[in-house]
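Okay, here's what each chain looks like letter by letter:
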Amino acid sequence: VQLVESGGGLVQPGGSLRLSCAASGFTFSSYTMSWYRQAPGKERELVARITSAGGSTNYADSVKGRFTISRDNAKNTVYLQMNSLKPEDKAVYYCNGQWFPRDYWGQGTQVTVSS
């Protein structure tokens, strides 16, 4: 099983990034996929979640209206489009796949928002 995140980097406040998470080794289309983030000194928090068929999404209040989660089950990939980035969005972003009781994590990608 692998979840490989990409797309992180350094961006100025107000900028955009698109994170990708490529999955392999499991039946991706059966899994609820999520993005979490963890800032230095803080607990890991849920950013966005999308159900297996993509019919339902939910977001942390702090990112609503700025971030969009989507998935392409044909490509075994989940995305996080991040717009209007703020310095407080700086964190390591992790991809997660869940289908109880299975729970898989990627290694994370760093997002830094700074001028």
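Everything below is about the structure printed above this text.
What comes next is a walk through the structure. (Residues numbered from 1 in each chain as written. Predicted model: local features only at pLDDT ≥ 70, side-chain atom pairs only at ≥ 80, totals over all residues. Heavy atoms only, no water.)

Some remarks on the pairing of strand β4 (residues 32-38)
- Judged by how many residues are buried, β4 sits mostly within the fold: five of seven residues are covered.
- By the bridge criterion, seven bridges tie β4 to strand β9 (residues 91-99) in an arrangement that is antiparallel. Within the sheet, the bridge partner assigned to W35 lies in β9 and is C95.
- With five bridges connecting them, β4 and strand β5 (residues 45-50) associate as antiparallel partners. Across the sheet, the residue bridging to M33 is I50, located in β5.
- Counting the residues between successive antiparallel strands, the hairpin from β4 to β5 contains six residues, one of them, G41, with a positive phi of roughly 80°. (Buried < 20%, exposed > 50% of the residue type's maximum accessible area, 1.4 Å probe, protein only. Helix = DSSP H or I, 4+ residues; strand = E, 2+ residues; numbered from the N terminus. Pairing = 2+ DSSP bridges.)

Comments concerning the pairing of strand β8 (residues 77-82)
- Across the six residues of β8, five count as buried, placing the element largely inside the fold.
- As paired elements, strand β3 (residues 17-24) and β8 share six bridges and run antiparallel to each other. By the bridge assignment, C21 is partnered in β8 with V78.
- Relative to β8, strand β7 (residues 67-72) is paired through six bridges, and the arrangement is antiparallel.

Notes on the packing of aromatic side chains
- On inspection of all chains with the given rule, the structure shows six aromatic pairs.
- Considering the side-chain rings of F26 and F28, the 6.5 Å spacing of their centres and the 50° angle between planes classify their relative orientation as tilted. You'll find F26 and F28 in the same group, each marked buried.
- Ring centres of Y31 and Y104 lie 5.7 Å apart, and the angle between their planes is 20°; on these two criteria the pair is classed as stacked. Highlighted residues: Y31 in the loop between β3 and β4 and Y104 in strand β10 (residues 102-105), separated in sequence by 73 residues. (Phe/Tyr/Trp six-rings, centres within 6.5 Å; stacked < 30°, edge-to-face > 60°.)

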